[in-house]
Amino acid sequence: MQKIPILGLRDLLLVTVQVDMHDELAMQLLDDLTSKVAQTGAKGVVLDISALEIVDSFIGRMIADIAATSRVLDADTVLVGMQPAVAITLVELGMELKGVHTALDVEAGMDLLQRLREERT
Amino acid sequence: MSTSVTLPVDSNEDVVVVRQETRRWAGRIGLSLVETTKLVTAASELARNTLDYGGGGEVELRLVEREGRKGLSLVFTDEGPGIEDVEQALQEGFTSGNGLGLGLPGARRLVSEFHIESNPGAGTRVEVIRWK
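Let me begin by describing the structure that accompanies this report.

1. Considering the pairing of strand 3 (residues 44–48) of chain A
Residues and elements named next belong to chain A. Within strand 3, 5 of the 5 residues are buried, leaving the element largely enclosed by the surrounding structure. When strand 2 (residues 12–16) meets strand 3, the two strands line up parallel, connected through 5 bridges. Its bridge partner lying in strand 3, Thr16 is registered against Asp48. Crossover strand 2 to strand 3 through helix 1 (residues 23–40) is right-handed. Bridge analysis of strand 3 against strand 4 (residues 76–80) gives 5 bridges, and the strand direction is parallel. Within the sheet, the bridge partner assigned to Leu47 lies in strand 4 and is Leu79. In this view, the connection linking strand 3 to its parallel neighbour strand 4 by way of helix 2 (residues 57–72) has right-handed handedness.

Next comes the structure, spelled out in structure tokens:
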């Protein structure tokens, strides 16, 4: 079965979503990511959605769930690379994406996670 | 080239196909990137409703024209339990943002026209149109 790869980068996890996810794949990602955060003790998750042309309410909720679950496991989540058309649509759709930080790209995302961690200690 | 196509909405994979086909047909009438993204997102929401609440159904994509203006119509139908209170489902508090309800107000904002018919025990029919 197709799985979305999760890369370990120091104490962060990097996930790059490159396929149009159907619901089962999205839920599999939430499961896998949560396990990995708990397993590795990662302090941050970078979720790269630059390849996603569509983010509907289901995917939006999954992103919020990833952020909330990671937070419980003491990790922050930053969403990077959102396409402008997707951003416009999400606002129109009324999705708030609570608890999800955003940054322009992976590098900016990693910097943000670093800053957030420093603020906590 | 045909002016309409009917697609099944009976599985998660079907929802992905609905998104892809909606995108393709949006290209046929020359919708902009943002218009296309909004319409495909609305189609994804409604397809998911048809599947999750309607127990499966189908969608008809159709090229339409009114007063010289081109548009794309999507009609989602299912023979599921129907919506108890359509008025309530269309209210703002029931957006998909908080995980409750059917996300209909959100989908409605993404399209030019939105029509819904639903009665308990009689299934649901939702038509959305995006005019160019």
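2. Section: the packing of helix 1 of chain A against helix 2 of chain A
Residue and element names in this part refer to chain A. The interhelical angle for the contact between helix 1 and helix 2, taken along N-to-C directions, is 10°, at an axis separation of 10 Å. Between helix 1 and helix 2, the angle falls in the class roughly parallel. Across the interface between the two elements, Asp23, Ala26, Met27, Leu29, Leu30, Leu33, Thr34 and Val37 of helix 1 pack against Phe58, Ile59, Met62, Asp65, Ile66, Thr69 and Ser70 of helix 2. Broken down by class, the residue content of the contact of helix 1 with helix 2 amounts to 10 nonpolar, 3 polar and 2 charged.

3. As for the nonpolar core
Residue and element names in this part refer to chain A. In terms of nonpolar packing, the biggest core is built from 62 residues, with Met21, Leu29, Ile59, Met62 and Ile63 touching the most fellow members. Ile63 has contacts with Leu47, Val55, Leu79, Leu97 and Val100, leaving out every residue within four places of it along the chain. Within the second largest apolar cluster, 9 residues are counted, among which are Leu12, Val46, Ala103 and Leu112.

4. Regarding unusual backbone geometry
With phi around 65°, A:Asp74 is a residue other than glycine that occupies positive phi space. Residue class for A:Asp74 comes out partly exposed when judged on its relative accessible area of 39%.

5. Quick word on empty space enclosed by the protein
Per the counting criterion, the structure on display carries 2 cavities of 30 Å³ or more. The space that makes up the largest cavity amounts to roughly 50 Å³. In this structure, the largest cavity is lined by A:Asp20, A:Met21, A:Leu52, A:Ile54, A:Asp56, A:Ile59 and B:Arg19. A per-class count over the lining of the largest cavity returns 4 nonpolar, no polar and 3 charged. Considering only enclosed or pocket space, the second largest cavity measures out at about 30 Å³ in volume.

The rules behind the values
- Residues numbered from 1 in each chain as written.
- Chains lettered and ligands numbered in written order.
- Predicted model: local features only at pLDDT ≥ 70, side-chain atom pairs only at ≥ 80, totals over all residues.
- Heavy atoms only, no water.
- Buried < 20%, exposed > 50% of the residue type's maximum accessible area, 1.4 Å probe, protein only.
- Helix = DSSP H or I, 4+ residues; strand = E, 2+ residues; numbered from the N terminus.
- Pairing = 2+ DSSP bridges.
- Right-handed = clockwise from strand over helix to strand, strands pointing away.
- Axes fitted to C-alpha atoms, helices over the stretch in contact; angles between N-to-C directions.
- Parallel < 35°, antiparallel > 145°, perpendicular 65-115°, else oblique.
- Contact = heavy atoms within 4.5 Å.
- Nonpolar A, V, L, I, M, F, W, Y, C, P; charged D, E, K, R; others polar.
- Core = buried A, V, L, I, M, F, W, Y, C linked by side-chain atoms within 4.5 Å.
- 1 Å grid on protein atoms, 1.4 Å probe; cavity = no way out; pocket = protein on both sides within 12 Å on 5 of 7 lines; lining within 4 Å.
- Points joined across faces, edges and corners; volume = space filled by probe spheres on them.

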